[in-house]
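Chain residues, written in single-letter form:
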Amino acid sequence: VSPAERFAAAGWERLATGAPVLADAAIALDCRVSDTRQVGTHTVFFVEVAGIALAEDPAGLVYFDRAFHPLGQSVPARPAPAPAASAHS
């Protein structure tokens with residue numbers, strides 16, 4: 001699949017800086033790179049936030065307790081594990 005075909009499958013919009021963003025993204029930070037630093041084998045980008053795009057009803061997932069859970073829903077508490085038996089009992 002070509003890059004053009006891959007990106008054509010979704011709806012795109014432009015933010016204030018001209019950066020592309022998925023039209024149905026829950027949130028998008030529109031940033032301008034103000035500085036970069038080399039740290040070991042990594043490049044760290046320092047940015048200035050030019051704008052924030054937030055969906056009216058954002059949906060998302062959080063990974064917790066070895067599973068994905070929808071944001072805004074409570075996760076039932078698991079009972080604490082029983083203490084390990086002592087070798088001297």
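Residues numbered from 1 in each chain as written. Predicted model: local features only at pLDDT ≥ 70, side-chain atom pairs only at ≥ 80, totals over all residues. Heavy atoms only, no water.

Draft legend 1. A look at the overall build of the protein. Scanning the protein for helices and strands turns up one helix and six strands. Its helices and strands taken in sequence order, the protein reads α-β-β-β-β-β-β from the N to the C terminus. Rg of the C-alpha trace for the protein: 22 Å, well past the compact-globule value of 12 Å for 89 residues, more than 25% over. In terms of overall dimensions, the protein has C-alpha extents of about 70 × 40 × 30 Å along its principal axes. Within the protein, the fraction of its 89 residues that count as buried is 6%. Sequence-distant contacts, at least 24 apart, represent 17% of the contacts inside the protein between residues at least 6 apart. Approximately 7900 Å² of the protein is accessible, and the part contributed by carbon and sulfur atoms is 59%. (Helix = DSSP H or I, 4+ residues; strand = E, 2+ residues; numbered from the N terminus. Rg over C-alpha atoms; globule rule 2.2 N^0.38 Å. Buried < 20%, exposed > 50% of the residue type's maximum accessible area, 1.4 Å probe, protein only. Contact = heavy atoms within 4.5 Å. Areas by Shrake-Rupley, 256 points an atom, 1.4 Å probe, with all protein chains shown as cover.)

Draft legend 2. Up close: a nonpolar patch on the surface. Taken together, Ile-27, Leu-29, Val-33, Phe-45, Val-47, Val-49, Ile-52 and Leu-54 make up a surface patch of nonpolar side chains, about 830 Å² in accessible area. For the nonpolar patch, the secondary structure elements donating two or more residues are strand S3 (27-39) and strand S4 (42-54). For Phe-45, a relative accessible area of 53% puts it in the exposed group. (Patch = residues over 30% accessible without salt bridge, like charges linked within 9 Å, V, L, I, M, F, W, Y side chains within 5 Å. Salt bridge = Lys/Arg side-chain N within 4 Å of Asp/Glu carboxyl O.)

Draft legend 3. Expanded view of the environment of Arg-78. Residue position: Arg-78 is located in the segment after strand S6 (67-70). For the pair Arg-78 and Asp-65, spaced 13 residues apart in sequence, the C-alpha separation works out to 9.3 Å.

Draft legend 4. Inspection of the pairing of S6 at higher detail. One ladder, built from four bridges, connects strand S5 (residues 61-64) with S6; its direction is antiparallel. Looking at the pairing, Tyr-63 lines up with Phe-68 of S6. Adjacent in sequence and paired antiparallel, S5 and S6 are bridged by two residues, among which Asp-65 carries a positive phi angle near 55°. (Pairing = 2+ DSSP bridges.)

Draft legend 5. Region of the structure containing the environment of Ala-19. Topologically, Ala-19 is positioned in the loop between strand S1 (12-14) and strand S2 (20-22). Separated by 14 residues in the primary sequence, Ala-19 and Val-33 have C-alpha atoms spaced 12 Å apart. Ignoring anything within four residues of it in the chain, the contact list for Ala-19 reads Glu-13, Arg-14 and Asp-30.

Draft legend 6. Structural detail: the environment of Ile-27. Locating Ile-27 in the fold gives a position in strand S3. Judged by its relative accessible area of 53%, Ile-27 falls in the exposed class. For the pair Ile-27 and Ala-59, spaced 32 residues apart in sequence, the C-alpha to C-alpha distance is 9.6 Å. In this structure, Ile-27 is in contact with Ile-52, Ala-53 and Leu-54, ignoring residues within four places of it in sequence.

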